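The lines below spell out each chain.
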Amino acid sequence: MNKKIIVALDLDNIKKAIKLVKELKKEVYAFKIGHEFFYNFGINGYKEIYNICPRIFLDLKLHDIPNTVQKGLKAIAKLNPIFTTIHISGGDEMQKIAASKNNKKTNILGVTVLTSLDKKQTLKYYKEKNVNILVKKFAKYAKKNNLRGLVCSPLEINIVRKELGEKMILVVPGIRIEKKSKDKKDDQKRTLTPKEAINLGADFLVIGRPIIESKNPLDTIKKINQSIK
């Protein structure tokens, strides 16, 4: 299966989510379940999606003391997602414990810097306005602590690949089908098109709104797949 797209089911309507999964499952690599879906529909909702398509990226971005994260990942492992996430900023011990929970089914990915943050926000909260430097540091820590892969914005793919090489998995959100207009509001600050991100070295692309809010989601994803072949 040579699919690259992970469709984000950022929805509070489970009927719509189920309809989308049935319609798109042959055209995608996986479906991402994040906070909105999981907190609305819980494990039962997760299982409804899993029973249609077992390739799930459970994106809960754990960030807590190591013992709590360890117990959380133990529970998540029972759900058999292909990916799940922790924040790299949780520290070395938390990352090492998370990495120990990697198995053949579930890969633990480290979140570098959220794609909603720009240099003003990273300076304020991380004391570093150069996002590239910050992401490079986080990538280095993730590799050292044996995480299987990273989540980073498309604008940092090249930097991360140079730091990590080709083995670590790169899952990339912040994908927009068209170039973003300066006049258009978007909470994703650091974006690229699917083709640009794949050409830079992304393994998988997370795409939500451009697909699930389109008039014809199946046609939209087919066009995206064609563009990155």
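As shown above, the structure is provided for reference.
We now turn to the structure provided with this report. Please read all numbers here as calculations on a predicted model, not as lab measurements.

Rules used throughout
- Residues numbered from 1 in each chain as written.
- Predicted model: local features only at pLDDT ≥ 70, side-chain atom pairs only at ≥ 80, totals over all residues.
- Heavy atoms only, no water.
- Helix = DSSP H or I, 4+ residues; strand = E, 2+ residues; numbered from the N terminus.
- Rg over C-alpha atoms; globule rule 2.2 N^0.38 Å.
- Buried < 20%, exposed > 50% of the residue type's maximum accessible area, 1.4 Å probe, protein only.
- Contact = heavy atoms within 4.5 Å.
- Areas by Shrake-Rupley, 256 points an atom, 1.4 Å probe, with all protein chains shown as cover.
- Pairing = 2+ DSSP bridges.
- Axes fitted to C-alpha atoms, helices over the stretch in contact; angles between N-to-C directions.
- Phe/Tyr/Trp six-rings, centres within 6.5 Å; stacked < 30°, edge-to-face > 60°.
- Arc of directions from axis to C-beta.

### Quick notes on the overall build of the protein
Argument step 1. Helix and strand counts for the protein come out as 10 helices and eight strands.
Argument step 2. Over its C-alpha atoms the protein spans a radius of gyration of 17 Å, differing by no more than 12% from the 17 Å that the globule rule assigns to 229 residues.
Argument step 3. For the protein, the C-alpha atoms occupy an extent of roughly 40 × 40 × 30 Å along the three principal directions.
Argument step 4. For the protein, buried positions account for 52% of its 229 residues.
Argument step 5. Sequence-distant contacts in the protein: of pairs separated by 6 or more residues, those separated by 24 or more amount to 65%.
Argument step 6. Accessible surface, the protein: about 12,200 Å² in total, of which carbon and sulfur atoms supply 49%.

### As for the sheet that holds strand 7 (residues 169-172)
Argument step 1. Strands sit in the order 1-2-3-4-5-6-7-8 around a closed barrel of eight strands; the barrel is parallel. Pairwise comparison of adjacent strand axes, ignoring direction, gives a mean angle of 25 degrees for this sheet.
Argument step 2. With two bridges joining them, strand 7 and strand 8 (residues 204-207) adopt parallel strand pairing. The residue bridging Val-171 from the neighbouring strand is Phe-204, located in strand 8.

### Some words on the environment of Ala-77
Argument step 1. Turning to its location among the elements, Ala-77 is positioned in helix 3 (residues 66-77).
Argument step 2. Among the residues examined, Ala-77 registers a relative accessible area of 27% and is labelled partly exposed.
Argument step 3. Spatially, the C-alpha atoms of Ala-77 and Ala-139 are 24 Å apart, while their sequence positions differ by 62 residues.

### A word on the packing of aromatic side chains
Given two aromatic rings, their pairing is described by the distance between the two centres and the angle made by the two planes.
Argument step 1. A full pass over the atoms with the stated rule returns eight aromatic pairs.
Argument step 2. Between Tyr-29 and Phe-83, the ring centres sit 6.4 Å apart and the planes meet at 35 degrees, which makes this aromatic pair tilted. Note that Tyr-29 is positioned in the loop between helix 1 (14-24) and strand 2 (30-33) and Phe-83 in strand 4 (residues 83-87), a separation of 54 residues in sequence. Note on accessibility: Tyr-29 and Phe-83 belong to one class, buried.
Argument step 3. Cluster of aromatic residues (ring-pair linked, three or more members): Tyr-29, Phe-57, Phe-83 and Phe-204.

### Details of helix 10 (residues 217-227)
Argument step 1. Taken residue by residue, helix 10 has Pro-217, Thr-220, Ile-221, Ile-224 and Asn-225 as its buried positions. Along helix 10, the residues classed as buried sweep out an arc of 135 degrees about the axis, all on the same side. Of the exposed residues in helix 10, those oriented more than 90 degrees away from the buried face are Lys-223 and Gln-226.
Argument step 2. Tucked inside the fold, the buried residues of helix 10 contact strand 1 (5-8), helix 1, helix 8 (194-200), strand 8 and helix 9 (209-212).

### A few points about the environment of Leu-24
Argument step 1. Tracing the sequence through the fold places Leu-24 in helix 1.
Argument step 2. Sequence-distant contacts of Leu-24, that is, excluding residues within four places in its chain, are made with Val-7, Phe-31, Ile-211, Pro-217, Leu-218 and Ile-221.

### Things to note about unusual backbone geometry
Argument step 1. Positive phi is not limited to glycine here, since Lys-61 has a value of about 45 degrees.
Argument step 2. Of note, Lys-61 is situated in strand 3 (residues 56-62).
Argument step 3. Here Lys-61 falls in the partly exposed class, since its relative accessible area comes to 24%.
Argument step 4. We note that Asn-80 has phi near 60 degrees; this positive angle belongs to a residue other than glycine.
Argument step 5. With respect to the secondary-structure elements, Asn-80 resides in the loop between helix 3 and strand 4.
Argument step 6. Relative accessible area serves as the criterion here: at 31%, Asn-80 is assigned to the partly exposed category.

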